Amino acid sequence: METEINEKEIDIALEQRADYITSKELKDGTATSDFFDEIILTLLKKQTTLIVGPRGCGKTHMMRYASILCKDDAKKPLAIYVSFNRYYRLEPMLISRANAINLFHTWVLSRIIVATHETLVEQDEVFSEDELQEALEYIDISDLQNLIAKLERSLPLTQDELDLANSITLHTTKKIIDNHTSLGSRPRAILLLDDAALTLTPEYMAEFFEIFRSIKSPYISPKASVYPGTTEYGARFHPTQEGGFEHVWLSVSSPHYIETMHSIAAHRISDFSSIPDEIRQYLAYAAFGIPRAYLHMIIEFQKKKFSTVQQGLNRIVQSHTEARIEEFLTLAIKAPKLKTIIEQGNALFSKLVLLLKEFNDKLAPSGTKQLLIGITGIKDQPMVERMFNLLIEAGLLYPVAEKVSHGEDRKYDRYTPHIAALLHERAFSAKARGWSARIVVDKINQKTSRQPLRRSVSSLFSSEELSSLKFDLPACSTCGKERITATQKYCHHCGAELLDSSTFETCMSLPLHEVPGLTKWTVAKLKQELPRFKTIGDLLSVQDPGTELRKIHRVGQARAEKIIRLVTSFVDEFLQ
Amino acid sequence: MTIQTPGSSTSSADYSAIVKVTPFTKTLSTETLFDKSHKLSKSSPIDEFIENANKLNLLWINQDEISSEFTSILFLGYFSAVESYVRALVRTLIQTDIYSQKCAENQQITFGAALHHNKQLLPEALMDNHSFTASENILKTFKSLTDIELVIDEAITTELDKICQLRHCCVHRFGKLGAKNAMALGLTSHSNLFEKPLTLSRDDLLLVSSTLRSVVKTINNAAYKAVLDRTFPTVPVGKGDKKRLPKSLWSKDYEADKELFIKYYKVFSSTNKGESPKMKEMYTRFIAEKEQALQKISKGAAKKPNIPQGQDDANGHPQGDTSHQQENNAVDVPQEQVAQESAK
C-alpha cells in the first residue's frame, strides 16, 4: 500500500547517521580494522590533525568512537567531542550583523566550553558543585547554553548576554579546558571538533581555523573534521605547518578495501553474511569508500524489491549515482555563485566516466582494468581547479595523493571517478556474455593496467567552455546592472551596496514535501492536514512544530519528533 | 622734512599686507543657498541614509585613483550622512511612537524653533545642542529623547569611535592627528603619528564607508528592537501582590494589528529591494518571539501564582478592542494612559 505509515523507513534514514545513534550502539557497531585503528590512534595523539573525507565516510563515527574510548580510561586524554554541524544557523547573521564574526567566535568557544563540561560530568566520578563551578571559572553553564541557543536562532542579544559573550575569550576557554582536565585527573585533553568544514561561509571558516590554531597547547590537542578538496583555511592557518592531514576516505584501490567495508557492514547489518559475496563486493565498490552509502545500499538490497538480482543492483546503483549527482547539483542552490562551475563540473564528471568506460572496454582483452585518469594543467586554471575541488568535496572524484611526473616534467593529477557512476555506465561489463555481479567484481579486482589514461585540461574543455567559466554573481538588486568584478562592494551604476542573500533562508524556502526520508504516508498527510506547511521554514519556524504535527491523525509525540528530526537533519546536511 | 616712502609711488603703506587678498565683490545670501522647494522626504531614515551614501559612492567608485584630500572630503560626507540619519530617526520616532513622544514632552527647545518650525520638524530642534561625534553621544540622545536604550556590541561602537576620531582630525586639523585623538586611538600605536596627515586610500575609504553603513544599520535594527520591545512587555513590574505584566499594544492577530505595525515598520524598514523582509514576516517574527517569552513567564507564574498577566485577560485591551489603533489616537497610548482613560 502506497500510503502506509512505514515508520521503519524514517528510522533507517536517521540511523545511518553517526550523530543519531547512541554511544552504546556506536561502540558495539564499530568495526576494527588497521585502517580505522590507525585513524583512531592519530585522533588520540598529541598533535594537531585534520581528518579529511566527504560526507558519510565515517568522520563523525571515528571522532565519537575516539571519545568513547577515552571516557572510561583515566590514562587516556579528556576527549571533548563538539559538533559544529549547526554552524549554518549562524549564517544569516553574516548579512544582518556587523559583529557576526565575533558572535561566531563566541559560539564556537561556548560550544567547546559546554562540551568540555559535559564530558567531565558524564564520567563515572562525581564532582562537587563547587569544584565544577571553579573549573568553569564561575561561568554559569545554563547562561552559556541559552546564549548558544539564541545565537543559533540568530536572535538579538540583551546587554547581559552581550557582556557574557564578550567575556568568553580564547584564554578563558583554554583555562576552562585545563581546569577540567586536571579535575578529571587526565594527563591532557583532545578536542574533537566535528563538522568543521565550513566551506560555504569562508568568513566563519577563517575565524574557526584561527581558533583551531590558537587553542592548541602542550595540554590541548585540537582535531577537526573537514571535507576533501578544501585548500584554503583562512589567511593564518596552514594545515601542513600546524599539524597533519589524516585521510579517512578509504580508497577503492586499497588492498584492504573490501575487507574493511565488509567488516563495517557485518557489525551493523543483520544477516550480512547471508548476502552472496559478489553482491557484497559489487555494492562495496559502488559505495566508493563511504560506509554510510554501503549500509544504505545493502539495506535496500535486503528489501528484495526486484525481480532479478541484476535489476535490483542496477536500480540501487542508478539511484545512488543520481542521488550523488543531485547532491552535487544542490551546491548551486547553496552557493549560487558557483552555478556555472557546478553545471560544467557535472558535464566534466560524465565525460571522465565515459572516458574511463571506453578505456576499460579497450583493456578488456588484456585482462586488466584502469580506475584512474591523470589530468594535466588543472592548477593553471583557478576556475577549473575549483571545479575539481568541488567534485572531490562532493565525493564524486577520489584524488590520488601523489603526483606523477612523466616525460617532460608534466604534472598529472590523478582521480578515480565514483565507481557507482562507472558501474551505471557498464564500464566493467564490456563484451561479457550476459551479466553477472561476479563478472563485474572480477573485472574490478583485475590488475591495474600499466597503460595510463591521460588527458589535459585543454583536451577536456573547449576554449569557449574555459572562457565561459565564471562566478555567477547576482546583478545589483537596486538597479539590475550586472557586476563588473567578483569583489565589488558597491554597484558601479547606482552606488548601492551589493548584498548577498542568505543560504540558510534559501534552505528554509525549500519544499517540505521533498525532504528525503519522509514516507509517502507522511507527505500525503502533511499535504492533506497541514496544507499551510509548504516549505521547511513553514514547519520549523512555528513555535512548537511538534504540536502542529500532532494535529495529524495517527501522529503522536514520538512520530512527530522523528519527522522533526528528519527535517532538521536534512537541513543540517544540506547546509554542511 | 617729510619722510620719503621707500620704493616707487605705486607701493602701499599697508604693512599688514603680507599676502594678497581678493576683495569681496559679492556677499553670501544664505537664504538662497537652500532649496526652498525641497519637500520633506517620505523615505524612512535608513532609506535616506542609503540614498545619501549611494550618491557619495558614485562620486568615486568608478575612479581608479583618488587623492587623499578627496577621500577625506568624501569621508566627511559619509559621516554627515550618519549624523543626518540619527537626527531623522529620532525625529521620526518622536512623531510616530507615543512612548518616545511622552519622553520628549518634557524637553525644552528655543523660542525661535517653536515659533517657526512646522510640527513635523519641531523635534529637530530638540537636537540643536546634540552632537553625534562619539557613540556615547548617539546612545545618550536616544536615551534622553526617546527613552530607549540601544543594545549595541562594544565591538561595533569601538569601530565607530575610531572613525569619530578620524573625523575630528579631518574637520578641525585638515586630517592631521591631534594629541587628544592619538590618546583616544591608543598611544602605544599612535604616539609616533602626532601631526601626521590622514591619508585614506581607495580601499580605506571603502572600509570606512562600509563600516559606517553597517554601524547605521546596526543602530537602526537595535532601535527597532528596543522600540518594539517596549510595546510588548514580557517582564512583570511592581512588587508583591501588585506585581503584574503591563499590557501590550498587540492583539497578536495580524489583520487587527496591521495598521499599528505598519507605522513602526515604515520608520525602520527600507524599500530597497532585498533589504527588508516583508512586513508580515517581521510581524510574525516579533509576535512569535514575544509569545515564547510570555510562555516562559507563564511557567514562572505557575510556580508563583500571584502574577496576573495582562495578555491573558480575555476581556481586556487589546484583544477584541482595536479602538486603540485608530489614527492619531492610540498606537500610541502607553499603559498608564490607557489605564487613566479606562478609569474615567
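One can find the structure itself at the top, above this paragraph.
The structure reproduced in this document is the subject of the present report. Note that the structure is predicted; figures quoted are calculated from it, not measured. For every chain, the first residue of the written sequence is number 1, and numbering continues from 1 onward in sequence order. Chains and ligands are labelled sequentially in the order written, the chains with letters from A and the ligands with numbers from 1. Totals for whole chains, interfaces and linings use all residues, but because this is a predicted model, local features are given only for residues with pLDDT of at least 70 and pairs of side-chain atoms are given and counted only at 80 or more. The side-chain quantities take in all heavy atoms of the structure and omit both hydrogens and water.

Regarding the overall build of chain B
The condition is simple: In this text, helices come from DSSP runs of H or I with a minimum length of four residues, and strands from runs of E with a minimum of two, each type numbered from the N-terminal end. By the convention used here, residues are in contact when the closest approach between their heavy atoms is within 4.5 Å. Where accessible areas are quoted, they stem from the Shrake-Rupley method and a 1.4 Å probe; at the residue level, only the protein chains shown are allowed to cover.
Looking only at helices and strands, chain B features 13 helices and zero strands. Taking contacts inside chain B between residues at least 6 apart in sequence as the whole, the part at least 24 apart equals 67%. Of the accessible surface of chain B, which amounts to about 20800 Å², a share of 54% is contributed by carbon and sulfur atoms.

Digging into the sheet that holds strand β1 (residues 49–52) of chain A
In a beta sheet, neighbouring strands pair by backbone hydrogen bonds and run either parallel or antiparallel. Residues and elements named next belong to chain A. Rule in force here: Strand pairing follows a simple DSSP-based rule, namely that at least 2 bridges must link the two strands. In this description, a line fitted to the C-alpha atoms serves as the axis of each element, helices being fitted only across the stretch in contact, and the angle between N-to-C directions of two axes falls anywhere from 0 to 180 degrees.
The sheet built from five strands is open, its strands ordered β2-β3-β4-β1-β5 with parallel pairing. Two strands in the sheet have a free side with no partner beyond their single neighbour: β2 (78–83) and β5 (244–247). Across this sheet, the average inter-strand angle for adjacent strands is 20 degrees, counted without regard to direction. One ladder, built from five bridges, connects strand β3 (residues 189–194) with strand β4 (residues 220–226); its direction is parallel. Along β4, the bridge assignment pairs L192 with K223. The sheet strands contacting helix α3 (residues 34–44) are β1, β3, β4 and β5, and the helix crosses β5 at an angle near 150 degrees.

Looking at a nonpolar patch on the surface
Where we set the bar: Exposure above 30% relative accessible area and the absence of a salt bridge qualify a residue for a patch, where like charges join within 9 Å and nonpolar side chains (Val, Leu, Ile, Met, Phe, Trp, Tyr) within 5 Å. By convention in these notes, a salt bridge is any Lys or Arg side-chain nitrogen within 4 Å of a carboxyl oxygen on Asp or Glu.
On the surface, I18, V19 and V21 of chain B cluster together into a nonpolar patch covering about 380 Å² of accessible area. Within the secondary structure, I18 of chain B sits in the segment before α1 (45–58).

Details of the pairing of strand β7 (residues 373–376) of chain A
All names here are of chain A. Here is the rule: Relative accessible area decides the class of each residue, using a 1.4 Å probe on protein chains only: under 20% of the type maximum gives buried, over 50% gives exposed, and in between gives partly exposed.
Burial along β7 is two-sided: I373 and I375 and G374 and T376, pointing in opposite directions, are all buried. For β7 and strand β11 (residues 454–456), the ladder comprises three bridges, and the chain directions are parallel. When the sheet's bridge partners are listed, G374 is paired in β11 with R454.

Structural notes on the packing of helix α7 (residues 154–173) of chain B against helix α10 (residues 202–231) of chain B
Residue and element names in this part refer to chain B. We apply this condition: In what follows, roughly perpendicular refers to angles from 65 to 115 degrees, roughly parallel to angles under 35, roughly antiparallel to angles over 145, and oblique to any angle outside these ranges. The sense of a crossing depends on the near helix, which, turned anticlockwise from the far helix by less than a right angle, makes the crossing left-handed and, turned clockwise, makes it right-handed. All amino acids are sorted into three groups, where Ala, Val, Leu, Ile, Met, Phe, Trp, Tyr, Cys and Pro are nonpolar, Asp, Glu, Lys and Arg are charged, and the leftover types, Gly among them, are polar.
It is at 10 Å that the axes of α7 and α10 come closest, and there the two elements cross at 130 degrees. It follows from the interaxial angle that α7 and α10 lie oblique. Crossing angle aside, the handedness with which α7 passes α10 is left-handed. Here α7 contributes I156, E159, L160 and I163 to the contact with α10, which in turn contributes V208, T211, L212, V215 and T218. The class makeup of the residues in the contact of α7 with α10 is six nonpolar, two polar and one charged.

Thoughts on the interface of chain A and chain B
Inclusion rule: Simply put, the buried area is the total loss of 1.4 Å probe accessible area from both parts when two parts are fitted together.
On the chain B side, the residues contacting the 25 residues of chain A number 28 residues. Across the interface of chain A and chain B, roughly 2100 Å² is buried in total on both sides, 49% from carbon and sulfur atoms. At the surface where chain A touches chain B, the tally comes to three salt bridges. Taking the shortest distance from any N to any O, the salt bridge between K217 of chain B and E497 of chain A comes out at 2.9 Å. Top element by residues in the side of chain A that touches chain B is helix α8 (residues 159–167) of chain A. It accounts for three residues.

A look at the pairing of β4 of chain A
Residue and element names in this part refer to chain A. This is how it is decided: Crossover handedness is defined here as right-handed if the route from the first strand over the helix to the second strand goes clockwise, with the strands pointing away from the viewer.
The buried count for β4 comes to seven of seven residues, which makes it a mostly enclosed element. A two-sided burial pattern is seen for β4, the buried positions comprising I220, P222, A224 and V226 on one face and S221, K223 and S225 on the other. Alignment of β1 against β4, held across four bridges, turns out to be parallel. For L50, the partnering residue across the bridge sits in β4 and is A224. Crossover β3 to β4 through helix α10 (residues 202–215) is right-handed.

The quantities given are spatial measurements derived from coordinates; they are silent on function.
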